[in-house]
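# Commentary on secondary and tertiary structure
Listed below are the residues making up each chain.
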Amino acid sequence: MKVVVTGGAGFIGANLCRELARRGAEVLVLDDLSTGRRANLDGLDVELRVQSVLDRDAVVYACAGADTVVHLAAVPSVTRSLMNPRHSHDVNVTGSLEVLEAACAAGAHVVLASSSSVYGRNPALPKSEEMACVPVSPYASGKLAAESYALSFQHCFDLPCTVFRFFNVFGPLQLPDHPYAAVIPTFIWSALRGQPLTVFGDGEQTRDFTFVDSVVGVLADSVLRSVSCTRPVNLAFGTRTSLNDVVALLSALLGRKLEVARRPQRAGDVRHSQASGTSLRRLFPQARPVSLEMALSRTIEWV
Ligand code: NAD
């Protein structure tokens, strides 16, 4: 089976390439290395082409003969989308369109990465896929546009595809200086350097943290079983953990009380986030999340 992974040199992409290679797939990565790293693919039997998803010929050439295209390449940052909405749109929307057209021409199945940020200002919990999406950043608008393109290609051109909305993914290969600035790697790196952990607000805000192994397990299943779904699917397991609880778990794992530096709450931060995992469980009944404690412990080992 030939699988193209756009953004395959990034955090989630490289973890996925490892899993796909382990399951016997022939993997081709298309990545411009803007935030991804060649070293993430060290030791893996995958082909890396350092090219952009905006390079139509490169995308068409890479997708020729592919069974599945997993589209992860993106400018994955709300902040960057605020600084340069047009660049965010070009990569995240136009780049997605390039990938969808090439996959369609190749007769390939598509797996596309969207984001829980599409729910935006809608405060209802848990976030179910039927809820109204109210994006509050150009990044979220771009993700909503890309998933909408994928589902329209499915409807109009019979393109088999699954659109996944990722929540707060964390784990090995995720760097604290990454534009996504994920809280868990930042906490771990600070803790291991003996620095205080910065918490914005009272720390009672919650997130549906998802370990990257759980995410790539579902993505790989979706690839190998060519799962297709007419609606987006939340890729998270419906748990809700506060930042204060993450600090307590890390303190327990590292065997010392970690110091916290409290800062004012940031404007625009979502208070709570939690997925409804109903669609995920229906499509992937065998998927099981790694416990947060185990996942944190494996992330600490990697750092
Ligand atoms: P990442 O930055 O590690 O991966 C993105 C990859 O895309 C990088 O390797 C980068 O070099 C590549 N890329 C960027 N622009 C490109 C272009 N024009 N052409 C080819 N490659 C390009 O980030 P990640 O966390 O692994 O994110 C993967 C996907 O998951 C993204 O689509 C992101 O929006 C989505 N996502 C991630 C999270 C999360 O918690 N990490 C949450 C929601 C959605």
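Residues numbered from 1 in each chain as written. Predicted model: local features only at pLDDT ≥ 70, side-chain atom pairs only at ≥ 80, totals over all residues. Heavy atoms only, no water.

Within the chain, the regular secondary structure consists of 10 helices and 13 strands. In terms of C-alpha radius of gyration, the chain reaches 19 Å, essentially the compact-globule figure of 19 Å for 303 residues. Over its C-alpha atoms, taken along the principal directions, the chain stretches across nearly 55 × 45 × 40 Å. Across the 303 residues that make up the chain, the buried fraction comes to 53%. The long-range share in the chain, meaning contacts at least 24 apart out of those at least 6 apart in sequence, stands at 78%. With the model as given, the accessible surface of the chain reaches about 13,300 Å², and the carbon-plus-sulfur share is 51%. Within the chain, one finds 29 positive and 28 negative side-chain charges whose respective centroids are separated by 6 Å. (Helix = DSSP H or I, 4+ residues; strand = E, 2+ residues; numbered from the N terminus. Rg over C-alpha atoms; globule rule 2.2 N^0.38 Å. Buried < 20%, exposed > 50% of the residue type's maximum accessible area, 1.4 Å probe, protein only. Contact = heavy atoms within 4.5 Å. Areas by Shrake-Rupley, 256 points an atom, 1.4 Å probe, with all protein chains shown as cover. Lys, Arg positive; Asp, Glu negative; His and termini not counted. Charge placed at Lys NZ, Arg CZ, Asp CG, Glu CD.)

Turning next to helix H1 (residues 11–22). For H1, which comprises 12 residues, the first-to-last C-alpha distance of 17 Å matches the rise-based estimate of 16 Å (1.5 Å per residue) to within 8%. Most of H1 is tucked away, with 9 of its 12 residues classed as buried. Among the residues making up H1, those that are buried are Phe11, Ile12, Gly13, Ala14, Asn15, Leu16, Cys17, Glu19 and Leu20. (Expected span 1.5 Å × (residues − 1).)

Bringing the packing of H1 against helix H7 (residues 212–224) into the picture now. Between H1 and H7, the shortest axis-to-axis distance is 9 Å and the interhelical angle comes to 55°. Put simply, H1 runs oblique to H7. In the packing of H1 onto H7, the handedness of the crossing is right-handed. Residues Phe11, Ile12, Asn15, Leu16, Glu19 and Leu20 of H1 pack against Val212, Asp213, Val215, Val216, Leu219, Ala220 and Val223 of H7. When grouped by side-chain class, the residues that make up the contact of H1 with H7 number 10 nonpolar, 1 polar and 2 charged. (Axes fitted to C-alpha atoms, helices over the stretch in contact; angles between N-to-C directions. Parallel < 35°, antiparallel > 145°, perpendicular 65-115°, else oblique. Left-handed = near helix turned anticlockwise from the far one by under 90°. Nonpolar A, V, L, I, M, F, W, Y, C, P; charged D, E, K, R; others polar.)

It is worth spelling out the domain arrangement of the chain at this point. Each assigned domain of the chain is listed with its residue range as follows: domain 1 (2–168 + 211–235) and domain 2 (171–208 + 238–273 + 290–302). Its C-alpha centre places domain 1 at a distance of 25 Å from the equivalent point of domain 2. Between domain 1 and domain 2, the residue contacts involve 19 residues of the former and 17 residues of the latter. In total, domain 1 and domain 2 occlude about 1,600 Å² of area from one another, counting both sides; carbon and sulfur atoms represent 62% of this. Viewed at the interface, domain 2 and domain 1 are joined by 1 salt bridge. Of the charged contacts, one joins Arg298 and Asp213 as a salt bridge, the two residues approaching to 2.2 Å between their closest N and O atoms. Taken together, domain 1 and domain 2 are joined by 3 residue pairs in polar contact (both at pLDDT 80 or more). In terms of residue class, the side of domain 1 that touches domain 2 is made up of 8 nonpolar, 7 polar and 4 charged. (Domains from an automatic or database assignment. Buried area = accessible area lost by both parts, 1.4 Å probe. Salt bridge = Lys/Arg side-chain N within 4 Å of Asp/Glu carboxyl O. Polar contact = N/O pair within 3.5 Å; in protein donor to acceptor, adjacent residues only side chain to side chain.)

Our focus in this paragraph is the packing of aromatic side chains. The full count for this structure, using the stated rule, is 5 aromatic pairs. Judged by centre distance (5.0 Å) and plane angle (80°), the rings of Phe153 and Phe157 are edge-to-face. A residue pair is termed a helical-turn pair when its members lie 3 or 4 positions apart in one helix, as Phe153 and Phe157 do in helix H5 (residues 138–157) at 4 residues. Owing to a relative accessible area of 52%, Phe157 belongs among the exposed residues under this scheme. Between the aromatic rings of Phe164 and Phe284, the centroid separation amounts to 5.9 Å while the plane-to-plane angle is 45°, which identifies the pairing as tilted. Of this pair, Phe164 sits in strand S6 (residues 161–166) while Phe284 sits in the loop between helix H9 (278–283) and helix H10 (292–302), and the two are 120 residues apart along the sequence. Across the pair, exposure class does not vary: Phe164 and Phe284 are buried alike. Grouped by ring-pair contacts, the aromatic residues Phe170, Phe209 and Phe211 constitute a single cluster. (Phe/Tyr/Trp six-rings, centres within 6.5 Å; stacked < 30°, edge-to-face > 60°.)

As a further point, take the site of the ligand. Within the structure, the ligand sits among 30 residues, and Phe11, Asp31, Thr35, Tyr139 and His178 are positioned closest to it. Contact distances for the ligand include 2.8 Å between an oxygen atom and a backbone N or O atom of Leu72. Against a free-state accessible area of 830 Å², the protein chains account for coverage of 98% of the ligand. Within the residue set of the shell around the ligand, elements represented by two or more residues are H1, strand S5 (109–115), H5 and strand S7 (168–170). Ranked by residue count, the leading element in the shell around the ligand is S5, at 3 residues. Split into classes, the residues belonging to the shell around the ligand amount to 16 nonpolar, 11 polar and 3 charged. (Near = heavy atom within 4 Å.)

In this section: the sheet that holds strand S4 (residues 68–71). Here we have 7 strands laid out as an open sheet, ordered S3-S2-S1-S4-S5-S6-S11, and parallel in their pairing. This sheet does not close on itself; its edge strands, each paired only once, are strand S3 (46–49) and strand S11 (233–235). Within this sheet the neighbouring strands show an average axis-to-axis angle of 25°, counted without direction. Two strands pair when backbone bridges link them, and S5 and S6 are joined in this way by 6 bridges, in the parallel orientation. Residue pairing across strands places Val110 opposite Cys161, the latter belonging to S6. The sheet contacts of helix H4 (residues 85–106) involve strand S1 (2–6), S4 and S5, and relative to S4 the element is tilted by about 175°. (Pairing = 2+ DSSP bridges.)

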